[in-house]
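Working through the structure, step by step
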Amino acid sequence: MKNIIFDFEYFNPKTLEEALKLLAQYGEDECKIIAGGQSLTILMKQRLLTPQYLIDIKGVAGMDYITFDEKEGLKIGALATHRAIEKDPVIKSKYSVLAEMEQNLSSVETRNWGTIGGNVAHGDTAGDPVPLLIALNAKVKMSSAKGDRVVEMEEFTTDYFETLLEHDELLSEIQVPVLPPHTGVQYTKFSQITGDHATASVGMMITLGSDKATCSDVRIALGAVSPAPMRATKAEELLKGKKIDDALLAKAGQAASEECSPDADAEVSEEYKRELVKVLVKRVGGEALARAKKA
Ligand SMILES: Cc1cc2nc3c(=O)[nH]c(=O)nc-3n(C[C@H](O)[C@H](O)[C@H](O)COP(=O)(O)OP(=O)(O)OC[C@H]3O[C@@H](n4cnc5c(N)ncnc54)[C@H](O)[C@@H]3O)c2cc1C
């Protein structure tokens, strides 16, 4: 075999401004951003993607920050690696569920190199961060030479491997608000191989009222059971304003399994995925509730 990967023109900007300028110039053509390359290079080797231009943003300065402010919440630069998020002391103390999710994402090698921005921009419904970030009510900042815009995480992925990103835009930041009092969050995925992509995943955030018993707010996000990670709003409605118990969580699980739209894949059937959602929503809900009671 002559070449595993075809020829392309390679750019490695050192500033965001430079990267955005290159995107404005080449974005409309066969052009891809590369960050950690953990997902993109696989697609290029398989020739599912054959970009003419590759803009390597891994060396862009100042895009790998993780900051926290009691008002603004958590801000994560697109180039922060999975490993940096897993190990960050502020994330461990204020958003421990994010660190836990990262710990179960693939291998240390992939986490050391793969970036949160690359993961989210990849648009994979079976990825781990997006469903959890939807449960956490996160937002995504996108930047282009024309300026920035911010959208809800739940709107960002639009279909299988499709996102709201325009050709001249890159994902620059993930924003996670401060958690309200008496809030518990949990995320679990079920995979065929430990640490691998999800067969089905559930992220849930439960906020209790001042009585620490009545559910004042709930967000349920599902991964890998629809073309894009989704909110299970019918299931949420069953829990809002109620004192949550096992029976109610079982009903929410049933509702979520009916409102998702999984496709069968090489390993499991549609029915199997629906059954997983039913079981996982009940389990994850129970764990989020226990956390909310202690928060
Ligand atoms: C063996 C293996 C197992 C894995 N298992 C899991 C898993 O269990 N769960 C999981 O969630 N993920 C998993 N992944 C994916 C991993 O999380 C990657 O880190 C992630 O998908 C991509 O990050 P990256 O920085 O390497 O992106 P890249 O591969 O560089 O890019 C991915 C895509 O995003 C685009 N892109 C990258 N950065 C930006 C940006 N800032 N703005 C706009 N577009 C951008 C690229 O153009 C490309 O289309 C796995 C990967 C491997 C190799």
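Note that the structure is a prediction, hence the values are computed from the model and not measured. By convention here, each chain's residues receive numbers from 1 onward along its written sequence. Per-residue local features of the predicted model are confined to residues with pLDDT of at least 70, and side-chain atom pairs are confined, for both listing and counting, to 80 or more; whole-chain, interface and lining totals are unaffected and use all residues. For the side-chain quantities, the full set of heavy atoms in the structure was used; hydrogens and water were omitted.

Overview of the overall build of the chain
This is how it is decided: Counting from the N terminus, the helices are the DSSP runs of H or I reaching at least four residues and the strands are the DSSP runs of E reaching at least two. Radius of gyration: over C-alpha atoms. The globule rule applied is 2.2 Å multiplied by the number of residues raised to the 0.38 power. Accessible surface is estimated by sampling points in the Shrake-Rupley manner with a 1.4 Å probe; for residues, cover comes only from the protein chains shown. By the counting scheme adopted, Arg and Lys are positive, Glu and Asp are negative, and His together with the chain ends is not counted. All charge positions are set by atom: Lys at NZ, Arg at CZ, Asp at CG, Glu at CD.
When its secondary structure is counted, the chain shows 12 helices and 14 strands. For 295 residues, the compact-globule estimate of 2.2 N^0.38 gives 19 Å, and the C-alpha radius of gyration of the chain, at 19 Å, lies within 12% of that figure. Viewed in the frame of its principal axes, the chain has a C-alpha envelope of about 60 × 45 × 30 Å. Total accessible area on the chain is roughly 13900 Å²; 50% of this is exposed by carbon and sulfur atoms. Taking the average location of the 35 positive side-chain charges in the chain and that of its 45 negative ones, the two points are 6 Å from each other.

Brief notes about the packing of aromatic side chains
Inclusion rule: Whether two aromatic rings pair depends on their centres lying within 6.5 Å, for rings of Phe, Tyr and Trp, where Trp uses its six-membered ring; planes under 30 degrees apart make the pair stacked, over 60 edge-to-face, and the rest tilted. Remark: exposure states derive from per-residue accessible area (1.4 Å probe, protein chains only) relative to the maximum for the residue type, with buried under 20%, exposed over 50%, and partly exposed in between.
Counting across every chain of the model gives six aromatic pairs. Between Phe 68 and Tyr 95, the aromatic rings sit 6.0 Å apart at their centres with planes inclined by 70 degrees, giving edge-to-face as the arrangement. Taken together, the residues Phe 68 in strand E4 (residues 66-69) and Tyr 95 in the loop between helix H4 (89-94) and helix H5 (96-103) connect sequence positions 27 residues apart. What makes Phe 68 partly exposed here is its relative accessible area of 25%. The structure contains a cluster of three or more aromatic residues connected by ring pairs, namely Phe 11, Tyr 26 and Tyr 53.

Some details on the site of the ligand
Rule in force here: Here, proximity means that at least one heavy atom of the residue falls within 4 Å of the molecule or strand. Here a polar contact is taken to be a pair of N or O atoms separated by no more than 3.5 Å, where protein atoms must pair a possible hydrogen donor with a possible acceptor and residues adjacent in sequence count only if both atoms sit in side chains.
In the neighbourhood of the ligand, 31 residues make up the surrounding shell, with Ile 33, Gly 37, Ser 39, Thr 115 and Asp 128 lying closest. Take Gln 38: an N or O atom from its main chain is 2.8 Å from an oxygen atom of the ligand. Residue Leu 40 places a main-chain N or O atom 2.8 Å away from an oxygen atom belonging to the ligand. Taking 970 Å² as the accessible area of the ligand by itself, protein coverage stands at 90%. Of all elements in the fold, only strand E2 (31-34), helix H7 (116-122) and strand E10 (170-176) reach the threshold of two or more residues within the shell around the ligand. The biggest single contributor to the shell around the ligand is H7, with four residues.

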